[in-house]
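Take a look at the letters that make up each chain.
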Amino acid sequence: MPSPTSRRRNDRASVSPSALQGRTVETPRKGYDSVQARRPMKLSTKEALNGYLFFSPGLIGFLVFMGFPILYSLYLSFTSYNIYSPPKWVGLLNYKFMFTQDPLFYKSLGNTLYYVALSVPLNTVLGVLVAVLMNQKAFGIRVFRTIYFLPSVVSGVAVALLWQWILDGNFGLINTFLANFGIVGPGWLTDELWSKPSMVLMNLWAVGGTMIIYLAGLQGVPRSLYEAAIVDGAGKLRQFWNITIPMLTPTIFFNVIMGVLGGFQVFIQAYIMTGGGPNNSTMFYALYLYNKAFKDLQMGYASALAWVLLLIAMALTLVILKTSSKWVYYEGADSK
Amino acid sequence: MKKKGFILMLSAVLSLSALSACSSKNNNETQPASQGASASPSASAPASEAPNQDPVTISYWHIYTDGPMKELTDQLLADFQAKNPHITVEQLGVNFFDYWTKLSTAMAAGSGPDLALNDTSTVPSRAKTGAILSTDEFIARDGVQLDDYFPVLVDRMKYEGKMYGMPNDTDVRVLYYNKKMFADAGLDPNTPPANWDELEQYADKLTKWNDNKMLDVIGFSPALGNLHFWTLAWTNGGDFWDDEGKPTFNSPQNLEALQWEKKIQDKYGVKAMSAFNSQASALGFSPFIAGKAAMIVDVNNLYSEIQTRAPDLDFGVAPIPYKANPASWSAGFSLELVNNKDDKRAAAAWELMKFLTSAEVQVQIHEASGSLVSNMKAATDPKFMDDPNWKMIVDQMEHSRFIEYIEAMPSWHGNLDPVEQAVLNSGKDPKEFLDGAQKDAENAVANFAKTQ
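Residues numbered from 1 in each chain as written. Chains lettered and ligands numbered in written order. Predicted model: local features only at pLDDT ≥ 70, side-chain atom pairs only at ≥ 80, totals over all residues.

(A) How the structure looks around the overall build of chain A. Along chain A, the regular secondary structure elements total 15 helices and two strands. When burial is assessed residue by residue, chain A has 34% of its 336 residues classed as buried. Taking the contacts inside chain A whose residues are at least 6 apart along the sequence as the reference set, 68% of them involve residues at least 24 apart. (Helix = DSSP H or I, 4+ residues; strand = E, 2+ residues; numbered from the N terminus. Buried ≥ 20, exposed ≤ 12 C-beta atoms within 10 Å, placed from the backbone. Contact = placed C-beta atoms within 7 Å.)

Set out below in structure tokens:
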């Protein structure tokens, strides 16, 4: 995350090796033009070389295990490939079919956008609120923090199975509870109208994951700001609005981006609980992609879907990044 | 953000990712056999070709990760290795949700198992591309009687006239009806509905509304259980593909079946139905077991479920009521020899396949899981056939069909579920939605033709 703190740390880190380099290089180099050897230019090249050397394990790992498959999937997106026989080049056919003849592409994209649009704001608001709550100095607060955080470490499959019970229309916890008040709850997962909100709700249960990050952000807000505000007569609400929130914006910014990217990949709930139904209302993009790849064995088409999703997610992230200067406040960066 | 905060945040993110890494590992739950399953069988393969009795190690992948089937698999493999001391089997059980991804990617990468449990419906996709081996020669050599297996299954294991593996087990859909509710409603508990009209009449008599205009008991709903629109359409003489592989989704018979479903469902209304509707069967809690549905079409597994959960339930099993001809729907698992280009391991894997599909072993599989095994000798073993309900289930295999394998659209039936749901739950027009599905199928077929 590009925070001023991290940048500062990097600067400091890069100072010492170059100073060290300077000393070692100066003396021995004989065969070279001595003038050039002493030039800072040469130093920086060597320093860069060392840098590359140091991160080459990571770089090579990335290129081999990520970069190559990613680029290969770009190639596959222009082919027809059923996994077992070699891919066959079909040009833009996959993309053409996707945009002109595949209603499920639009449906799944719409579902996913709906999910992102609903879950990210809710997660942000709830995450901040819970974090503020968990930031209080109260007896046993650490226990509560743990309790709130726990759901986010449970495996997705287990969570999905658990919530299938909770949300079941006939025998589920929620509807049984509602029945006590004479309310007939909807078929949470079987009603087209409720299936997506149900999954958003489910996702909210794991808000502890974002909460813990907000909590870290909150602990980084200097006490002195609050003290100054109290001296100026600001109430609790005013402090929250004018100090806590602005100081938390870098964290919110980070969580929003992660939330959007995570939201686009929503998969496991639908895969396990609904299989995309009812009436494709939980057919999320990633699930559709998975079905195309592993159920229909149309890897080429699935790759094309993946690339379109990447472009959409990238565009959205870019929009958020561009707007960030308007609402994200970095400590010490406001002097300009 | 202060440094402390940043570090805390960083560590939170790191620990999160570490945890998710753990959990994803758990999802892939590998169940190493006693020898410790290895994903690279090539490493343990002997280098030279040699006579039959040379030691050989093969791998077998399946979906049995817990419960009685896991125990039985362990025991069966021990039995097999005792009988065939030269063969060592490394088994790997992967949970159902992750199995398909793992198996197909491993096979594509050439690191698949020697023997794999797979989906009977999609055999042609693997046979056509040479990913799996024909078992014709083994079957002829060892005199395996294919007549012992359900014909529909043997048929589905064939590609261009050759067998590719052996069928392992299957399922079939039948009508379950509550005999006590029949008697209470003045119906003969020994005469289940045989056709659509009777099904509708009986359903009307069996449905019970409460004072809140909600359903206490539903007579029959096509949306409950595991009927599926295509099964009902088949019982109306409908078909979804013609002999040339062209879609006929909106044929008059199919449309009539969907309209009939809508007619039944509309009696209950969206509101009462959505209150009632549930994915109960996915939870192992069918509304039929709960006494909330008087009749239901469901898979034969429901029978074993009733036996364990509601042994006192007074019920009967009957063929799915039909209009034109009897029909049912089956799916199943096959055992296949993955083409690992190693004759010796393939031969050893065949021995295991032969063992697992033999009548004696399949009897044990049925006893452990209650599943409908592919070997008719086992499925119709006299000790099982004394039970009239089980006999009725087995008899349905005569009329049962599989989903056609259409290369352009392998999960074409998956496109029909949303159509059915839209019509039944959201009051959409059957014709309009069937026409839409027809058009999508035509597009998919036309598009696929261009890629060939």
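(B) Representation of the pairing of strand S2 (residues 87-93) of chain B within the structure. All names here are of chain B. For S2, the buried fraction is high: six of the seven residues fall into the buried class. Note: strand S1 (residues 56-62) against S2, seven bridges, orientation parallel. Paired with Tyr60 across the strands is Gln91, a residue of S2. Between S1 and its parallel partner S2, the chain crosses via helix H3 (residues 67-83), and the hand of that crossover is right-handed. (Pairing = 2+ DSSP bridges. Right-handed = clockwise from strand over helix to strand, strands pointing away.)

(C) The sheet that holds strand S7 (residues 173-178) of chain B, seen in detail. Residue and element names in this part refer to chain B. If you walk across this open sheet you meet the three strands as S10-S7-S11, and the pairing is antiparallel. In this open sheet, the two strands that pair with only one neighbour each are strand S10 (295-299) and strand S11 (315-318). Neighbour-to-neighbour, the strand axes of this sheet turn through a mean angle of 30 degrees, independent of strand direction. Pairing geometry for S7 and S10, over five bridges, is antiparallel. Bridging across to S10, Val174 finds its partner in Asp298. Sheet contacts for helix H13 (residues 301-309): S7, S10 and S11; angle to S10, the most-contacted strand, approximately 110 degrees. (Axes fitted to C-alpha atoms, helices over the stretch in contact; angles between N-to-C directions.)

(D) Spatial organisation of the confidence of the model for chain A. Scored by pLDDT, chain A comes out at a mean of 84, with 86% of its residues at no less than 70. The model gives residues 1-35 of chain A a pLDDT under 50, and that stretch makes 26 contacts with residues more than four places away or in other chains. (pLDDT = per-residue confidence, 0-100.)

(E) Region of interest: the nonpolar core. One finds Tyr176 and Met295 of chain B to be the most contacted residues of the largest nonpolar core, which totals 113 residues. Here this core takes seven residues from helix H14 (residues 343-356) of chain B, the largest share from any one element. In contact with Met295 of chain B, other than residues within four places in its own chain, are Leu175, Tyr176, Tyr177, Tyr202, Ala203, Leu206, Gly219 and Phe220 of chain B. Core analysis: the next-biggest nonpolar cluster, separate from the first, contains 61 residues, Phe97, Val120, Leu189 and Leu248 of chain A among them. (Core = buried A, V, L, I, M, F, W, Y, C linked by C-beta atoms within 7 Å.)

(F) Structural context of the environment of Ala293 of chain B. Residue and element names in this part refer to chain B. Among the structural elements, Ala293 can be located in the loop between helix H12 (270-276) and S10. Looking at Ala293, the number of C-beta atoms within 10 Å reads 28, which means it is buried. Expressed as a C-alpha distance, the spacing of Ala293 and Trp412, which sit 119 residues apart in the sequence, is 29 Å. Here Ala293 is in contact with Ile218, Leu224, Pro287 and Phe288, once residues within four sequence places are set aside.

(G) Expanded view of the packing of helix H4 (residues 93-101) of chain A against helix H15 (residues 299-327) of chain A. All names here are of chain A. Their axes nearest at 9 Å, the elements H4 and H15 cross at an angle of 65 degrees. With respect to H15, the axis of H4 lies roughly perpendicular. The interaxial crossing formed by H4 with H15 has right-handed handedness. Seen from H4, the contacting residues are Asn94, Tyr95 and Met98; seen from H15, they are Gly300, Tyr301, Ala304, Leu305 and Val308. (Parallel < 35°, antiparallel > 145°, perpendicular 65-115°, else oblique. Left-handed = near helix turned anticlockwise from the far one by under 90°.)

(H) Broad picture of the sheet that holds strand S3 (residues 115-119) of chain B. All names here are of chain B. Read from one edge of the open sheet, six strands run S2-S1-S3-S13-S6-S14, paired in mixed fashion. In the strand order of this sheet, the two ends are held by S2 and strand S14 (372-373), each with one partner. One ladder, built from five bridges, connects S3 with strand S13 (residues 332-337); its direction is antiparallel. Considered in S13, the bridge of Leu115 is made with Leu337. Relative to the sheet, H3 contacts S1 and S2, its axis offset from that of S2 by approximately 170 degrees.

(I) Spatial organisation of the confidence of the model for chain B. All names here are of chain B. Of the residues in chain B, 86% have a pLDDT of 70 or more, and the chain-wide mean is 86. Confidence scores differ between elements of chain B, with helix H2 (residues 41-44) showing the lowest mean pLDDT of 39 and S7 the highest of 97. In the model, residues 1-51 has pLDDT below 50 throughout and makes 74 contacts with residues more than four positions away in sequence or in other chains. Interface confidence for the predicted complex, expressed as ipTM, amounts to 0.76; the pTM equals 0.79.

(J) Looking closely at unusual backbone geometry. Positive phi, normally seen in glycine, also occurs at Ile83 of chain A, with a value near 80 degrees. Relative to the helices and strands, Ile83 of chain A is located in the loop between strand S1 (79-80) and strand S2 (88-89). Of the residues examined, Ile83 of chain A has 19 C-beta atoms within 10 Å and is grouped as partly exposed. The phi angle at His228 of chain B is positive, at roughly 65 degrees, despite the residue not being glycine. You can see His228 of chain B is positioned in the loop between strand S9 (215-217) and helix H10 (229-234).

(K) How the structure looks around H13 of chain B. All names here are of chain B. Every buried residue belonging to H13 is among Leu302, Tyr303 and Ile306, and all of these are buried. Down the axis, H13 shows its buried residues gathered within 105 degrees of arc, on one side only. Residues of H13 that are buried make contact with S7, S10, S11 and helix H18 (388-395). (Arc of directions from axis to C-beta.)

(L) Up close: the pairing of S3 of chain B. Residues and elements named next belong to chain B. Of all the five residues making up S3, four are buried; the element is thus mostly covered by neighbouring parts of the structure. Bridge count between S1 and S3: two bridges; the pairing is parallel. Bridge assignment links Trp61 to a residue of S3, and that residue is Ala116.

(M) Broad picture of the environment of Glu331 of chain A. Residues and elements named next belong to chain A. Its place among the elements puts Glu331 in the segment after H15. According to the C-beta neighbour criterion, Glu331 is partly exposed, with 17 such atoms within 10 Å. With 208 residues separating them along the chain, Glu331 and Asn123 place their C-alpha atoms 24 Å apart.

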